[in-house]
Amino acid sequence: MRRPTIILAALAGSATLALAACSGATESDPADSASGESSGESQTLRLAINQTEDYPSTIALTAFGERLAAATDGRWSIDVFPNEQLGAQAEALQLVSDGAVDLAIVAGPQLENLNKDFVVFNLPGVFKDDAHEMAVVNDPAITGDLYKSLEDQQITVYGGFTAGMRGVYTAEGPIMVPADLDGMKIRVQETDTMVRMIELMGGKATPMAFGEVYTALQSGVIDGAENAEPSYTTQKHNEVAKYYSYTNHLINTDYLVINTELMASMSAEDQEIFRAEWETTLEEYMAMWGQSIDDAIAEAEATGTIFTIPDQAAFAEALAPLAAETITNDVQQKLYDDAIAAGK
Ligand code: GCU
């Protein structure tokens with residue numbers, strides 16, 4: 001029997017406990033078979049994501065699971081748990097490592113916390129646009145051994161997709177130049193690099209999980225946050241921070257991570273199917289992505305958001321030292337040089 005989502009959601013505050021109680025979703029469970037027949041070999045994988053049901057990646061990954069089930073005759077299917085139901089990204093990543101969750105979508109900064117070399121793809125200015133980013137993060141000739149570097153922790157990075165070009169949004173007044181961020185507490189993802197990024201941009205960084213941002217904005221714990229438009233509206237941040245400024249300071253990547261042992265337990269044939277369906281998922285996601293930005297802008301404007309274009313060159317200049325400060329070894333330097341070269 002498929003477990004009701006509500007049980008996991010109710011327990012999500014203590015995700016480890018919840019999963020200990022519910023572990024076994026990857027066990028053989030005939031009722032989970034897409035065909036409903038008792039094959040004895042069907043496995044339903046749990047995928048953790050922090051986005052809402054209507055966010056493009058959640059939609060594309062749900063379709064991924066359905067196609068995977070059809071193409072493997074029900075041997076493998078995926079249950080997508082949106083809205084941090086299985087924990088925020090840092091927890092979800094740990095749970096994939098533990099094998100309590102099978103798959104998760106995590107943003108680059110989370111991986112940087114486990115291996116500093118991932119930092120290269122989290123740097124402002126490394127990608128000029130989404131297409132450049134997609135070409136880099138999905139090119140094994142560039143990523144080299146990076147995606148296998150966490151396998152001693154049972155985490156395989158499977159591939160990535162754009163989470164979009166980010167702007168800064170605040171509750172009060174438009175941000176036009178770095179000095180406008182002076183004294184402002186801006187939420188960032190939980191890494192030193194993101195903290196430093198906001199400091200260089202002129203603000204004070206407050207690291208916190210994605211799902212906490214709405215309440216923090218609403219209560220005034222923070223003055224603003226930074227993200228791409230689809231996250232801004234699907235998380236309803238537009239209700240509590242009406243000034244969105246196109247600082248265009250960073251393009252973030254979302255990665256699919258999978259438990260390494262689990263991947264190894266798949267037959268070669270099923271691994272191939274998984275790969276092919278993932279490639280289709282990337283295409284489907286990208287086909288939705290541009291429209292989701294347009295829709296987000298329209299929705300935000302209709303509810304009173306004021307979009308502004310600030311002095312983007314001033315922000316780029318403020319951020320220029322970050323790459324040199326951050327890159328400390330040859331692996332990172334090569335990733336950086338190859339990524340930049342791919343955009344030329
Ligand atoms: C984007 C990204 C998420 C990330 C979030 C954040 O929405 O897609 O993976 O968690 O930004 O700022 O935390």
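Quick notes on the rules
- Residues numbered from 1 in each chain as written.
- Predicted model: local features only at pLDDT ≥ 70, side-chain atom pairs only at ≥ 80, totals over all residues.
- Heavy atoms only, no water.
- Helix = DSSP H or I, 4+ residues; strand = E, 2+ residues; numbered from the N terminus.
- Buried < 20%, exposed > 50% of the residue type's maximum accessible area, 1.4 Å probe, protein only.
- Contact = heavy atoms within 4.5 Å.
- Areas by Shrake-Rupley, 256 points an atom, 1.4 Å probe, with all protein chains shown as cover.
- Core = buried A, V, L, I, M, F, W, Y, C linked by side-chain atoms within 4.5 Å.
- Patch = residues over 30% accessible without salt bridge, like charges linked within 9 Å, V, L, I, M, F, W, Y side chains within 5 Å.
- Salt bridge = Lys/Arg side-chain N within 4 Å of Asp/Glu carboxyl O.
- Lys, Arg positive; Asp, Glu negative; His and termini not counted.
- Charge placed at Lys NZ, Arg CZ, Asp CG, Glu CD.
- Arc of directions from axis to C-beta.
- Near = heavy atom within 4 Å.
- Polar contact = N/O pair within 3.5 Å; in protein donor to acceptor, adjacent residues only side chain to side chain.
- pLDDT = per-residue confidence, 0-100.
- Axes fitted to C-alpha atoms, helices over the stretch in contact; angles between N-to-C directions.
- Parallel < 35°, antiparallel > 145°, perpendicular 65-115°, else oblique.
- Left-handed = near helix turned anticlockwise from the far one by under 90°.
- Nonpolar A, V, L, I, M, F, W, Y, C, P; charged D, E, K, R; others polar.
- Phe/Tyr/Trp six-rings, centres within 6.5 Å; stacked < 30°, edge-to-face > 60°.
- Lys NZ or Arg CZ within 6 Å of the ring centre and 35° of its normal.

Enquirer: Before we go on, may I ask you to explain the overall build of the protein chain in this structure?
Expert: Regarding its fold elements, the protein chain presents 15 helices and 9 strands. By the burial criterion, 56% of the 344 residues in the protein chain qualify as buried. A sequence separation of at least 24 residues applies to 74% of the contacts in the protein chain between residues at least 6 apart. Accessible surface, the protein chain: about 13,900 Å² in total, of which carbon and sulfur atoms supply 53%.

Enquirer: Teacher, can you tell me more about the nonpolar core here?
Expert: A general feature of soluble globular proteins is that nonpolar side chains tend to end up buried together. Among the nonpolar cores identified, the biggest contains 51 residues, and L111, F121 and V257 are the most heavily contacted of them. Among the elements that make up this core, the one with the highest residue count is helix α8 (residues 192-201) (6 residues). Look past the residues within four positions of L111 in its chain and what remains in contact with it is L93, V106, F118, L150, V157, Y255 and V257. W76, M134, F274 and Y285 belong to the second-largest nonpolar core, a separate cluster that totals 29 residues.

Enquirer: Quick question: what am I supposed to make of a negative patch on the surface here?
Expert: A surface patch of negative charge is lined by E53, D54, E239, D294, D295 and E299. Relative to the elements of secondary structure, E299 occurs in helix α12 (residues 268-302). On the basis of relative accessible area, E299 is assigned to the partly exposed category, the value being 36%.

Enquirer: Would you mind going over helix α13 (residues 312-319) with me for this structure?
Expert: Within the span of α13, buried status applies to F315, A318 and L319. For α13, the angular spread of buried residues about the axis comes to 95°, placing them on one side. Opposite the packed face of α13, turned more than 90 degrees from it, sit the exposed residues A313 and E317.

Enquirer: Would you mind showing me how to read the site of the ligand here?
Expert: Residues in close proximity to the ligand total 13 residues, the closest being Q89, R166, R187, S231 and D254. Within the contact set of the ligand, an oxygen atom lies 2.6 Å away from a side-chain nitrogen or oxygen of R187. Within the contact set of the ligand, an oxygen atom lies 2.6 Å away from a side-chain nitrogen or oxygen of D254. Within the complex, the protein chains bury 99% of what would otherwise be the 320 Å² of accessible surface of the ligand.

Enquirer: Would you mind showing me how to read unusual backbone geometry here?
Expert: Excluding glycine, residues mostly carry a negative phi; peptide bonds, for their part, are mostly trans. Residue Q154 is not a glycine yet carries a positive backbone phi of 65°. On the basis of relative accessibility, which here comes to 23%, the residue Q154 falls in the partly exposed class. The phi dihedral of K236 falls on the positive side, at around 65°, and the residue is not glycine. As for its placement among the helices and strands, K236 is situated in the loop between α10 (229-234) and β8 (243-259).

Enquirer: What's the story with the confidence of the model for the protein chain in this structure? I'm lost.
Expert: If pLDDT is low for a region, its predicted coordinates should not be looked at in detail. For the protein chain, the average pLDDT comes to 91, and 88% of its residues sit at 70 or higher. A low-confidence stretch, residues 1-39 stays under pLDDT 50, and its non-local contacts, those more than four residues away or across chains, total 57 contacts.

Enquirer: Sorry if this is basic, but what is going on with the packing of α8 against α13 here?
Expert: In helix packing, the relevant descriptors are the interaxial angle and the interaxial distance, both defined with respect to the helix axes. Closest axis-to-axis distance for the α8/α13 pair is 8 Å, and the angle between their directions is 125°. The pairing of α8 with α13 is recorded here as oblique in orientation. Relative to α13, the crossing made by α8 is right-handed. Touching M197, L200 and M201 of α8 are F315, A318 and L319, all from α13. Among the residues forming the contact of α8 with α13, the class breakdown is 6 nonpolar, no polar and no charged.

Enquirer: When you look at helix α4 (residues 89-98) in this model, what are you seeing that I'm missing?
Expert: Q89, A92, L93, L95, V96 and S97 are the residues of α4 that are buried. Among the residues trailing α4, G99 stands out with phi positive, at a value near 85°.

Enquirer: Before we go on, may I ask you to explain the pattern of salt bridges in this structure?
Expert: Side chains that carry opposite charge are capable of pairing whenever their charged atoms lie near each other. Taken as a whole and assessed by the stated rule, the structure comprises 11 salt bridges. Here K334 makes a salt bridge to D338, at a shortest N to O gap of 2.7 Å. Of this pair, K334 and D338 both sit in helix α15 (residues 330-342), 4 residues apart, which is roughly one turn of the helix. The class for D338 is partly exposed, based on a relative accessible area of 23%. Put simply, R67, E277 and E284 are held in one network by salt bridges that share partners.

Enquirer: Got a minute to help me understand the packing of aromatic side chains in this structure?
Expert: Any pair of aromatic rings gets described here by the distance separating the centres and the angle formed by the planes. A full pass over the atoms with the stated rule returns 19 aromatic pairs. Ring geometry for Y147 and Y255: centres 5.9 Å apart, planes at 80°, overall edge-to-face. In this pair, Y147 sits in the loop between α7 (140-143) and β4 (155-170) while Y255 sits in strand β8, placing the two residues 108 residues apart along the sequence. Accessibility assignment for this pair places Y147 and Y255 in one class, buried. Aromatic ring contacts, followed pair by pair, group Y55, F64, Y158, F161, F274, W278, Y285 and W289 into a single cluster. Positioned above the aromatic ring of Y158, the side-chain terminus of R275 is 3.9 Å from the ring centre.

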